[in-house]
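# Coordinate inspection notes
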Amino acid sequence: MNRQFAAAAFGALIYFGCVIPLSAAEYEALRRKMVREVIVASGNSPPGASVVAAMEKVERHRFVPAWLSIFAYRNHPLPIGHGQTISQPLIVARMTDLLKLKKDDKVLEIGTGSGYQAAVLAEITKSVYTIEIIEPLGNEAARRFQSLGYDNVKTRIGDGYYGWPEAAPFDAILVTAAASHVPPPLLKQLKPGGRMLVPLGAPFMTQYLMLVEKQPDGSVTTHQIVPVRFVPLRGGH
Ligand code: SAH
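Read on for a plain summary of the structure. (Residues numbered from 1 in each chain as written. Predicted model: local features only at pLDDT ≥ 70, side-chain atom pairs only at ≥ 80, totals over all residues. Heavy atoms only, no water.)

With that settled, the discussion passes to the site of the ligand. Around the ligand sit 27 residues in total, of which Ser114, Glu132, Asp159, Gly160 and Arg234 are the nearest. Ser114 places a side-chain nitrogen or oxygen 2.6 Å from an oxygen atom of the ligand. Contact with the protein chains removes 99% of the 590 Å² of surface that the ligand exposes when unbound. No other element matches the three residues that strand E2 (residues 84–86) contributes to the shell around the ligand. Broken down by class, the residue content of the shell around the ligand amounts to 11 nonpolar, 12 polar and four charged. (Near = heavy atom within 4 Å. Polar contact = N/O pair within 3.5 Å; in protein donor to acceptor, adjacent residues only side chain to side chain. Areas by Shrake-Rupley, 256 points an atom, 1.4 Å probe, with all protein chains shown as cover. Helix = DSSP H or I, 4+ residues; strand = E, 2+ residues; numbered from the N terminus. Nonpolar A, V, L, I, M, F, W, Y, C, P; charged D, E, K, R; others polar.)

See the structure below:
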């Protein structure tokens, strides 16, 4: 009897937890809580006001598979299919903050994935270009941008290693998959005075988020920021 009750209770939990979506107000409360957790977890490097506002606005639960939407506001990466993940909110906050974006900036993202990071960028800047190598993921994200009204995000399916030369130069470039080296085409497409973030390292080894700055005179400096864990950058380079 007890086991039957436990099974029924578990069933009810799954049913009410997963099948019936939360209300917009409940999602909003969870979103605010997540952003507060991200600020606390950021320690000495809390995200700036524009990043906080963007993350309070972007509905992360719309960027994950429906069955995971109740977990969307945990400070965790989540699977999005095709062996890929939506990044951890803490990392999205840190990366976005490090780009020091201005309203008129043009940003390139490599690795659209779910589209969440691009949406956060699009809340802050005028135009976002994002490239995804896995066609179904790229198409799904494009549909999402359209339905959520992000008409300042342009999408492309292809190998982001080569960037988006027709739209270059960019004020900022964000690579959201781990590369073995800084892709030279991306460095070329970065404006003097611009910033690029790229996780560097071999798959399954420690990777470091690198901040690459192109100085106004064209010279390049790099700084190692924090250890990170990203899926590998694919492609034949
Ligand atoms: N920014 C995403 C998460 C990135 S996961 C989000 O907010 O959800 C990394 C993504 O990079 C995956 O979707 C993967 O398919 C993509 N990717 C890997 N190699 C790539 C390449 N060479 N060019 C473009 N996208 C690539």
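Relative to the 20 Å expected for 14 residues at 1.5 Å per residue, helix H6 (residues 135–148) spans 20 Å between its end C-alpha atoms, a close match to the ideal helical length. Buried residues along H6 sit against strand E1 (78–81), E2, helix H5 (116–124), strand E4 (127–132) and strand E5 (153–157). Phi for Gly149, located one or two positions after H6, is positive at around 80 degrees. (Expected span 1.5 Å × (residues − 1). Contact = heavy atoms within 4.5 Å.)

This part covers the side chain of Gln207. As for its position among the elements, Gln207 is in strand E8 (residues 207–214). Residue class for Gln207 comes out buried when judged on its relative accessible area of 1%. One polar contact links the side chain of Gln207 to the main-chain amide nitrogen of Phe230, over a distance of 2.7 Å. Leaving out residues up to four positions away in the same chain, Gln207 has contacts with Ala178, Pro199, Leu200, Gly201, Ala202, Val226, Pro227, Val228, Arg229 and Phe230. (Buried < 20%, exposed > 50% of the residue type's maximum accessible area, 1.4 Å probe, protein only.)

Inspection of the entire model under this criterion finds nine salt bridges. Taking the shortest distance from any N to any O, the salt bridge between Arg32 and Glu28 comes out at 3.5 Å. Within this pair, Arg32 and its partner Glu28 are both found in helix H2 (residues 24–41), separated by four residues, close to a single helical turn. We classify Arg32 as partly exposed; its relative accessible area is 38%. Residue Glu56 is joined to Arg32 by a salt bridge in which the shortest nitrogen-to-oxygen separation is 3.9 Å. One end of the pair, Glu56, is in helix H3 (residues 49–57); the other, Arg32, is in helix H2, and 24 residues separate them in sequence. For Glu56, a relative accessible area of 28% gives the class partly exposed. (Salt bridge = Lys/Arg side-chain N within 4 Å of Asp/Glu carboxyl O.)

Before going further, it helps to examine the sheet that holds strand E9 (residues 220–228). Where strands meet in a sheet, backbone hydrogen bonds hold them as pairs that are either parallel or antiparallel. If you walk across this open sheet you meet the seven strands as E5-E4-E3-E6-E7-E8-E9, and the pairing is mixed. Two strands bound the open sheet, and with one partner strand each, they are E5 and E9. The mean angle between the axes of side-by-side strands here comes to 15 degrees, regardless of whether they run parallel or antiparallel. Bridging between E8 and E9 involves seven bridges; their strand directions are antiparallel. Bridge pairing links Met210 to Gln224 in E9. Packing of helix H4 (residues 89–98) onto the sheet brings it into contact with strand E6 (170–175), strand E7 (190–200), E8 and E9, and relative to E9 it is tilted by some 165 degrees. (Pairing = 2+ DSSP bridges. Axes fitted to C-alpha atoms, helices over the stretch in contact; angles between N-to-C directions.)

The next subject is the packing of aromatic side chains. Evaluation of the coordinates by the stated rule reveals five aromatic pairs. Ring centres 5.0 Å apart and planes at 80 degrees place the aromatic pair Tyr129 and Trp164 in the edge-to-face group. Of the two residues, Tyr129 sits in strand E4 while Trp164 sits in the loop between E5 and E6, which places them 35 residues apart along the sequence. For the pair formed by Tyr129 and Trp164, the shared burial category is buried. (Phe/Tyr/Trp six-rings, centres within 6.5 Å; stacked < 30°, edge-to-face > 60°.)

With that settled, consider the pairing of E7. Burial within E7 is extensive, with eight of its 11 residues counted as buried. Examined bridge by bridge, E7 and E8 share six bridges and lie antiparallel to one another. Looking at E8, one finds that Val198 is bridged to Met210. Between the antiparallel neighbours E7 and E8 lie six residues, among them Gly201 with a positive phi of about 145 degrees.

Moving on: the side chain of Gln84. With respect to the helices and strands, the residue Gln84 is situated in strand E2. A polar contact is formed between the side chain of Gln84 and the backbone oxygen of His82, at a distance of 3.1 Å. The residues contacting Gln84, other than those within four sequence positions of it, are Leu78, Pro79, Ile134, Leu137, Val231 and Arg234.

So, to be careful, I would describe these as geometric facts and stop short of saying anything about function.
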